[in-house]
Amino acid sequence: MSAESPEASDAVSHLRRAFKYWRWQRPFWAGLFTILAGLPIGYLPYANVTLGQLTVRMSTTTGSGSLIIGVLLIVLGLTMWFQPIVRVFAGVATILLGLVSIPVANFGGFLVGFLFALFGGGMSVAWAPGEAPTEQPAKDAEPAPKDGADGVDDADAGDGAGGGEPEPAAAGAAPDQESRDGRHRAG
C-alpha cells in the first residue's frame, strides 16, 4: 500500500501544470530577477552589520532614495508577472533604476542589485509571448496526387528540381512558414 493517496498526487500535478502554464505566459524569470534586484538595493542602506563589538552601518544620506528604488524595482517585477503587456516599459524602467542605483544606493546594492536589475530588465525587454504551434503535415506522409496522370506536376516536370518543395531562403533556415515569408522570431 502506498502512503500517498492518488487524489493528493493528482492535485499536486495539476498545480504544477497550472503554475508551468502561468509561468510560460509571462516574463517570469525577468520579474524574479527584478524583485531580487530590489531587495539588496532597498535593504542594504538600512542594514547594520555587527562584527564582534564593531557595528558597521551602511546608511547613506540618500537612504530614502535607495528605499524608493528598491520598492519600485519590486513593483516592476510584480508588474512583469501580472501585467505582461507592459513588459517593455517595465524592462526599460528596471534598467534605468538599476543604473540610478549605482550612485544612490551603495553602488547598486554592492553591484548585486545592479546586476540583477540589468539582467531582469534585459530579459523583460527581450521576452516575446509564444504562439500556438500550427499543425504541419508529417514528413513521412505521401504527397497528394499531382495534376498529371503520372503523379508529376506538369509545371515542375521541366525544371529538374524534383520534389516540388521550395528551398529555404538562406542556408540553414528552417522550412517553416515564418522563414518563408521573411519574419523571424527569437525565442
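Since we're looking at a predicted model, the values are computed, not measured.

A.B. asks: Which residues make up the UniProt feature "transmembrane region" (unreviewed entry) in the protein chain, and what values go with them?
C.D. replies: According to UniProt, the "transmembrane region" (unreviewed entry) feature falls on residues 27–46 and 58–78. A distance of 30 Å separates the end C-alpha atoms of residues 27–46, which is 80% helix and 0% strand.

A.B. asks: Go over the confidence of the model for the protein chain, please, and point to the residues and values.
C.D. replies: Residues at a pLDDT of 70 or more form 66% of the protein chain, whose mean pLDDT is 78. Mean pLDDT across the elements of the protein chain ranges from a minimum in helix α7 (residues 177–180), with 54, to a maximum in helix α6 (residues 112–126), with 95.

A.B. asks: Go over unusual backbone geometry with me, naming the residues and quoting the values.
C.D. replies: Positive phi outside glycine occurs at Leu111, with the angle close to 65°. Summarising the element assignment, Leu111 is placed in the loop between α5 (106–110) and α6. For Leu111, a relative accessible area of 44% corresponds to the partly exposed category.

A.B. asks: Describe helix α4 (residues 87–104), and please don't skip the residues or the numbers.
C.D. replies: Under the 1.5 Å per step criterion, the end-to-end length of α4 is 25 Å for 18 residues, consistent within 8% with the ideal 26 Å. Residues of α4 that are buried sit in contact with α2 (28–43), α3 (63–82), α5 and α6.

A.B. asks: Let's hear about the pairing of strand β2 (residues 54–57): which residues, and what values?
C.D. replies: In the sheet, strand β1 (residues 48–51) pairs with β2 via 4 bridges, with the strands oriented antiparallel. Counterpart to Leu51 in the pairing with β2 is Leu54. Count of turn residues in the β1/β2 antiparallel hairpin: 2 residues, of which Gly52 carries a positive phi of about 70°.

A.B. asks: Please give an account of the nonpolar core that cites residues and values.
C.D. replies: Core analysis: the biggest nonpolar cluster contains 12 residues, these being Ala30, Ala37, Ile41, Ile69, Leu73, Leu76, Met80, Ala90, Ala93, Leu97, Ala105 and Ala117. Of all the secondary-structure elements, those providing two or more residues to this core are α2, α3 and α4. At 4 residues, the largest contribution of residues to this core is made by α3. For Ala90, the contacting residues outside a window of four places in its chain are Leu76 and Met80.

Reading the values: the criteria
Residues numbered from 1 in each chain as written. Predicted model: local features only at pLDDT ≥ 70, side-chain atom pairs only at ≥ 80, totals over all residues. Heavy atoms only, no water. UniProt positions renumbered as here; feature names shortened; annotations may be inferred. Helix = DSSP H or I, 4+ residues; strand = E, 2+ residues; numbered from the N terminus. pLDDT = per-residue confidence, 0-100. Buried < 20%, exposed > 50% of the residue type's maximum accessible area, 1.4 Å probe, protein only. Expected span 1.5 Å × (residues − 1). Contact = heavy atoms within 4.5 Å. Pairing = 2+ DSSP bridges. Core = buried A, V, L, I, M, F, W, Y, C linked by side-chain atoms within 4.5 Å.

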